[in-house]
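Here is what each chain is made of, one letter per residue.
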Amino acid sequence: MSNPNDRGLSRAERQRMPLALDVAVEIAKHNGVCIRPVVLRRLDTRTGLTEDVNVPCGATMDAKCSSCARRNRYLRMAQCREGWHLEAEPSITPDEPNEEQLWLVEFRADMQAQRDAAEKAGDDTTDLDAILSGLDAEITAAGMRGTLLGRTTAKRNRSTRRRQDAPDLPRKVRQNTTLGRTFTSSDGMVYRPSLFVTLTLPSYGKVRNGVPVDPDAYDYRRAVRDALHFSKLVDRFVQNLRRVAGYDLQYFSSVEPQKRLAPHLHMAIRGTMPRAEVKAIAAATYHQVWWPSVDEVRFEGDHLPVWVERPAREDGTPYLDGQDGDYLDPVTGEVLPTWREALDRLDADEEAEPLHVVRFGDQVDVQGVLGGTPDADQCIRYLSKYLTKSLGDTLDADNPAQRDHAARMVEALRYEPCSPACPNWLRYGVQPKNPKAGMTPGRCRSKAHKPEHLGYAGRRVLVSRKWSNKTLSEHKRDRRAWVMEALGLADEPVDPHRYVWKPIPAGDGNIPSLALRLLRMVAERQRWRASLLALQVKATSQFAPDLSATKEAA
Ligand SMILES: [Zn+2]
Ligand SMILES: [Zn+2]
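Residues numbered from 1 in each chain as written. Chains lettered and ligands numbered in written order. Predicted model: local features only at pLDDT ≥ 70, side-chain atom pairs only at ≥ 80, totals over all residues. Heavy atoms only, no water.

Student: Describe the overall build of the protein chain, naming the residues involved and giving the relevant values.
Tutor: The number of helices and strands found in the protein chain is 15 helices and 16 strands. By the burial criterion, 42% of the 554 residues in the protein chain qualify as buried. The contacts in the protein chain between residues at least 6 apart in sequence include a share of 75% that link residues at least 24 apart. Counting every atom, the protein chain has about 31,100 Å² of accessible surface; 50% of that belongs to carbon and sulfur. (Helix = DSSP H or I, 4+ residues; strand = E, 2+ residues; numbered from the N terminus. Buried < 20%, exposed > 50% of the residue type's maximum accessible area, 1.4 Å probe, protein only. Contact = heavy atoms within 4.5 Å. Areas by Shrake-Rupley, 256 points an atom, 1.4 Å probe, with all protein chains shown as cover.)

Pasting the structure below:
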């Protein structure tokens, strides 16, 4: 069969070909185009024009198609490479936009649209203008303070007995630098040594080919709790590293699945320290989970707590703890302790033990790496190797033993509380944080319980703030800006307030078929590549940035 991707075909020839969706998908994949684009309606608040735009799934959702996942991986590799052996202090330390900022920016865009609509209709816009300038001030303030609202409740103070941030480690005076030491060789070469560290969770029982030898003896409970709290353990490890390192140590790390379905961590560290020290830090690092006990099942089956709404307060203000109802014992009518009350009881109980303690296993691998060597490149590829896969994806679905292992993990997670807000707390007689009507133990919808996450629902890439001068979105923008400039197209700075994005209502008949949309996106991509290729020929050595990398990332 002739390939519709072949540019030798005329337009008419191409149009005669059957437009099967699976063919279009293959073509899209081959061209690195998103195969699950989302159509969004974009209102340009400057011109008032509306346009339907194909947005790559990677830009809008968590689950990325293979094309978007691959592109994301190349961007991450670029980010990792850029920061690892940095020679000068990063001059800016950008914050990832936090939720408040994002919400404010979106809200402002909606207000802008309303204002413009009002103006068009000839209405008075004074009030809306006032709201807009107020929002601008809020957005700026949120950017400077990091969070707009801050903490509304005081942070819980544990007694010293329960302090966990002070393991028995040496502490060095901290130098005010994020750069590691350099060494100059006798011939005057400057070397930038750094570290590549791999940390693994402990054993839960003997494993062969990723499957427990004796599933009944395998400690599933510990395995899922370790996975649930893994990111906290990584935070503690970094805190301890910094105390011992004596400088403002920076890292780029990725959390990856092992074949036994446990998360483990690869970490590129800028600068170096003795291997024995890193191993000692890993061994001394732990995280205690101070949550209420789940030893006793109080409610299950048909015997479940019932939700009762609280009467409105006389002055009409909300209850101090923000709840508008409570879960009660269905038989005695006793109000179950709220999340806050349960934690207070735990604090007051001198005999209490943490629900769980996470530690790393004995397998700690520390490798020295020199900047700019093939070794460093190898590590960067390794760091991002599994970024396109989720924890459950490592599963070999044709292997019954592996399937059984994964099913046991999911079962062990079923009644395990994944967070303070998890409905599973009701099973153990505690109201979840921010409770609502309709919560049922065993039916938590959070990602952590799902077969594809198996307990670890946190971020797959963890990067310290001063790793490089840029965030991932700035890396993206960089590449785009360079390409646009190279093509002689003006790339206006993107005004975050300019566009309002709306999902398209279900049943809107004007959207072309997915197959057609994919082929249009491929055509755009090919036009763009052809122009790049022409440029590459014209100016082989004029442009410093690596064209191949740009092509992958675009
Ligand atoms: Zn996609
Ligand atoms: Zn949950």
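Student: Residues and numbers for the pairing of strand 12 (residues 325-328), please.
Tutor: Within a regular beta strand, the side chains point alternately toward one face of the sheet and then the other, so they alternate between its two faces. Across the two faces of strand 12 the burial is the same, with Gly325 and Tyr327 and Asp326 and Leu328 all buried. Relative to strand 12, strand 11 (residues 306-309) runs antiparallel, the two sharing four bridges. Bridge pairing in strand 12 places Glu309 opposite Gly325. (Pairing = 2+ DSSP bridges.)

Student: Could you give me a rundown of a nonpolar patch on the surface, with the residues and numbers involved?
Tutor: The grouping of Phe183, Met189, Tyr191 and Leu370 at the surface amounts to a nonpolar patch, some 340 Å² of accessible area in total. Topologically, Met189 is positioned in the loop between strand 3 (183-184) and strand 4 (190-191). Assessed through its relative accessible area of 44%, Met189 is described here as partly exposed. (Patch = residues over 30% accessible without salt bridge, like charges linked within 9 Å, V, L, I, M, F, W, Y side chains within 5 Å. Salt bridge = Lys/Arg side-chain N within 4 Å of Asp/Glu carboxyl O.)

Student: So, the pattern of salt bridges: which residues are in play, and what are the values?
Tutor: Any two side chains of opposite charge can pair, so long as their charged atoms come close to each other. Counted under the stated rule, the structure contains 13 salt bridges. For Glu26, the salt bridge goes to Lys29, with nearest N and O atoms at 3.7 Å. Here Lys29 and Glu26 lie together in helix 2 (residues 21-30), a separation of three residues that amounts to about one turn. You can call Glu26 partly exposed: its relative accessible area is 47%. Salt-bridge contacts for Glu411 lead to Arg414; the nearest nitrogen and oxygen are separated by 3.8 Å.

Student: I'd like to hear about the sheet that holds strand 5 (residues 193-199), residue by residue, with values.
Tutor: Sheet architecture is open: five strands sit in the order 14-5-9-8-15, paired in antiparallel fashion. Looking at which strands have only one partner, the edges of the open sheet turn out to be strand 14 (364-370) and strand 15 (461-463). Neighbour-to-neighbour, the strand axes of this sheet turn through a mean angle of 15 degrees, independent of strand direction. Two strands pair when backbone bridges link them, and strand 5 and strand 14 are joined in this way by seven bridges, in the antiparallel orientation. Looking at the pairing, Phe196 lines up with Gln367 of strand 14. Taken strand by strand, helix 8 (residues 230-245) contacts strand 5, strand 8 (251-257), strand 9 (263-269) and strand 15, and its axis lies near 30 degrees from that of strand 9. Sheet strands touched by helix 11 (residues 374-383): strand 5, strand 8, strand 9 and strand 14. Its angle to strand 14, the strand with the most contacts, is close to 135 degrees. (Axes fitted to C-alpha atoms, helices over the stretch in contact; angles between N-to-C directions.)

Student: Describe the coordination of the zinc ion (ligand 2), listing the residues and the values that go with them.
Tutor: Protein-derived ligands of the zinc ion (ligand 2) are Cys418 (SG), Cys422 (SG), Cys444 (SG) and His449 (NE2), with the metal-ligand distances lying across 2.1 to 2.3 Å. Each of the four donor atoms around the zinc ion (ligand 2) contributes to a set of angles spanning 100 to 115 degrees, which defines the coordination as tetrahedral. Motif for the zinc ion (ligand 2), donor spacing along one chain: C-x3-C-x21-C-x4-H. Of the two residues, Cys422 is situated in the loop between helix 12 (400-414) and strand 15 and Cys444 in the loop between helix 12 and strand 15; the sequence distance between them amounts to 22 residues. Across the pair, Cys444 and Cys422 agree in class, each one buried. (Donors = N, O, S within 2.8 Å, 3.2 Å for Na, K, Ca; no water. Tetrahedral: all angles 85-135°; square planar, octahedral: opposite > 155°, others 65-115°.)

Student: Tell me about the sheet that holds strand 2 (residues 50-55), and please be specific about residues and values.
Tutor: Ordered in space as 2-1-16, the three strands form an open sheet in which the pairing is antiparallel. If you trace the sheet from one side to the other, it starts and ends with strand 2 and strand 16 (499-503), each paired once. Here the average twist between neighbouring strands, direction ignored, is 35 degrees. Of the strand pairs in this sheet, strand 1 (residues 38-44) and strand 2 are connected by six bridges, and their pairing is antiparallel. Across the sheet, the residue bridging to Arg41 is Asp52, located in strand 2.

Student: Talk me through the nonpolar core; I want residue IDs and the actual numbers.
Tutor: Membership of the largest hydrophobic core comes to 59 residues, with the highest contact counts inside it found for Phe237, Ile269 and Met273. Here this core takes eight residues from helix 8, the largest share from any one element. With residues near it in sequence (within four places) discarded, Met273 still touches Leu195, Leu241, Val244, Ala245, Leu249, Val278 and Ile281. (Core = buried A, V, L, I, M, F, W, Y, C linked by side-chain atoms within 4.5 Å.)

Student: Describe empty space enclosed by the protein, with residues and values.
Tutor: Across all of its chains, the model carries three cavities of 30 Å³ or more by this definition. Considering only enclosed or pocket space, the largest cavity measures out at about 50 Å³ in volume. In terms of lining, the largest cavity is formed by Trp84, His85, Leu86, Gly180, Arg181, Thr182, Arg192, Pro193, Ser194, Arg270 and Gly271. Here the residues of the lining of the largest cavity are counted per class, giving three nonpolar, five polar and three charged. Computed from the structure, the second largest cavity encloses a volume of approximately 40 Å³. Surrounding the second largest cavity, Leu201, Tyr204, Tyr218, Ala223, Ala227, Arg260, Leu261, Ala262, Pro263 and Met409 form its lining. Class assignment of the residues belonging to the lining of the second largest cavity gives a composition of nine nonpolar, no polar and one charged. (1 Å grid on protein atoms, 1.4 Å probe; cavity = no way out; pocket = protein on both sides within 12 Å on 5 of 7 lines; lining within 4 Å. Points joined across faces, edges and corners; volume = space filled by probe spheres on them. Nonpolar A, V, L, I, M, F, W, Y, C, P; charged D, E, K, R; others polar.)

Student: I'd love a proper account of the side chain of His356, names of residues and values included.
Tutor: Tracing the sequence through the fold places His356 in strand 13 (residues 356-359). According to the relative accessible area criterion, His356 is buried, its value standing at 8%. At 2.7 Å, the side chain of His356 forms a polar contact with the side chain of Asp226. Here His356 is in contact with Arg222, Arg225, Asp226, His229, His287, Gln288 and Val289, once residues within four sequence places are set aside. (Polar contact = N/O pair within 3.5 Å; in protein donor to acceptor, adjacent residues only side chain to side chain.)

Student: I'd like a rundown of helix 9 (residues 275-284), residues and numbers included.
Tutor: Looking only at helix 9, the buried set comprises Val278, Ile281, Ala282 and Ala284. Residues of helix 9 that are buried in the fold lie against strand 5, helix 8, strand 10 (286-289) and strand 14.

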